[in-house]
Amino acid sequence: MRRAHRLAAGLLAAGALTLTGCAQSVEPIERLGRKAVRSVAPKVRDVGAAGAKGLRAHAPPVPRAGAYARWGLRAPLRAAPAPPVRKPERPFVVHRVPTRDKVVFLTFDDGAERDPEFVRMVDELKLPISMFLTDSVASPGYDHFDRLRRAGGGLSTVQNHTVDHAYLPGLPYAGQRAQICGQQDRLEARFGTRPRLFRPPYGAYNNQTLRAAGDCGAEAVVLWGASMQINDLRYAHGDRLRPGDIVLAHFRGPGELKGATITEMTSRMLRRIQEQGFAVARLEDYL
């Protein structure tokens, strides 16, 4: 039996805030709550906080002098601590990385906006981002995302967001596998690396999605715990970021951001992160 896991009305009544999704820039369409994640089959779980056996060597490039001021920040971004090594079951669902480190992770979806200034921003700030690309949207600009992947010392990665941004629970296993494996193959052929992470469109998935993701080689199904609007962050729980939060943003331009650019939106997001005392870490190092 297919079971679509989306945020229910009961969560909203309990006070959980909705998050912005891929189809719109402000109105929420992709929604997720803790109950949605926990309602999946037993093999689906968050990353375990225990079991770390050591630390990975992690020496990110130093941002260019004065870069923070050029991009509207009052101070340099905090340096992220070395991430712990974990060996979670595969595939697993995660919307927040259990950690006591004051770190958050930036993820950008779809691939509609291809602003060269954003490449410069990522390069100068040495900003690690995870790009979840949809082929039907991003493929005309894969050269742009390759430049973005290489910017800032190569801290950013390209990950899977399906071929056509389909609502996966509405498809049988074969259709879901085609959407996920198809994009795995395309991204590997274009960028030379097979994605480790997968994000289902709209945050919607069922047990067949998890099976297909694992069969296609995904190690984690990545959701989120906060989202960036045009001017501010929204949170799934409470009114602040929490250690390990995965932040959802989108590759969008002035037409969808009411005149703002993606660099302006990102500067606002980074200021909110700084104001709450967090560093930006590389998601792939924690997963």
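See the structure shown above.
Cut-off values and rules
Residues numbered from 1 in each chain as written. Predicted model: local features only at pLDDT ≥ 70, side-chain atom pairs only at ≥ 80, totals over all residues. Heavy atoms only, no water. Core = buried A, V, L, I, M, F, W, Y, C linked by side-chain atoms within 4.5 Å. Buried < 20%, exposed > 50% of the residue type's maximum accessible area, 1.4 Å probe, protein only. Contact = heavy atoms within 4.5 Å. Salt bridge = Lys/Arg side-chain N within 4 Å of Asp/Glu carboxyl O. Helix = DSSP H or I, 4+ residues; strand = E, 2+ residues; numbered from the N terminus. Phe/Tyr/Trp six-rings, centres within 6.5 Å; stacked < 30°, edge-to-face > 60°.

Here we come to the nonpolar core. Counting residues in each nonpolar core, the largest one holds 40 residues, and the members touching the most others are Leu106 and Phe108. Each residue touching Leu106, except ones within four places of it in the same chain, is listed here: Leu127, Pro128, Ile129, Ser130, Val247, Met269, Leu270, Ile273 and Val280. Among the nonpolar cores identified, the runner-up in size contains 32 residues, and Ala166, Tyr173, Cys181 and Ile246 belong to it.

This brings us to the pattern of salt bridges. Under the definition given, this model contains 17 salt bridges. Note that Asp143 and Arg190 form a salt bridge whose closest N and O atoms lie 2.5 Å from each other. Note that Asp143 is positioned in helix 6 (residues 142-150) and Arg190 in helix 7 (residues 173-191), a separation of 47 residues in sequence. Here Arg190 falls in the partly exposed class, since its relative accessible area comes to 29%. Put simply, Arg149 and Asp146 hold a salt bridge, and the shortest N to O gap is 2.6 Å. Here Arg149 pairs with Asp146, and both are found in helix 6, just 3 residues apart, close to one helical turn. Both residues of the pair, Arg149 and Asp146, count as buried. Where salt bridges share partners, they join Glu117, Arg120 and Glu124 into one cluster.

Attention now moves to the packing of aromatic side chains. Throughout the structure, instances matching the rule amount to 6 aromatic pairs. Judged by centre distance (5.4 Å) and plane angle (35°), the rings of Phe108 and Phe251 are tilted. Here Phe251 lies in the loop between strand 9 (246-250) and helix 9 (262-275) and Phe108 lies in strand 2 (residues 103-110), a separation of 143 residues in the sequence. A residue is classified by how much of its surface remains accessible, and Phe108, at 0% relative accessible area, is buried.

Moving on, we get to the environment of Phe145. Within the fold, Phe145 resides in helix 6. Residue class for Phe145 comes out buried when judged on its relative accessible area of 0%. Separated by 12 residues in sequence, Phe145 and Thr157 have C-alpha atoms that sit 9.2 Å apart. Excluding anything up to four places from it in sequence, Phe145 contacts Gly111, Glu113, Arg114, Met131, Leu133, Ala138, Phe191 and Phe251.

In short, geometric facts, not functional conclusions.
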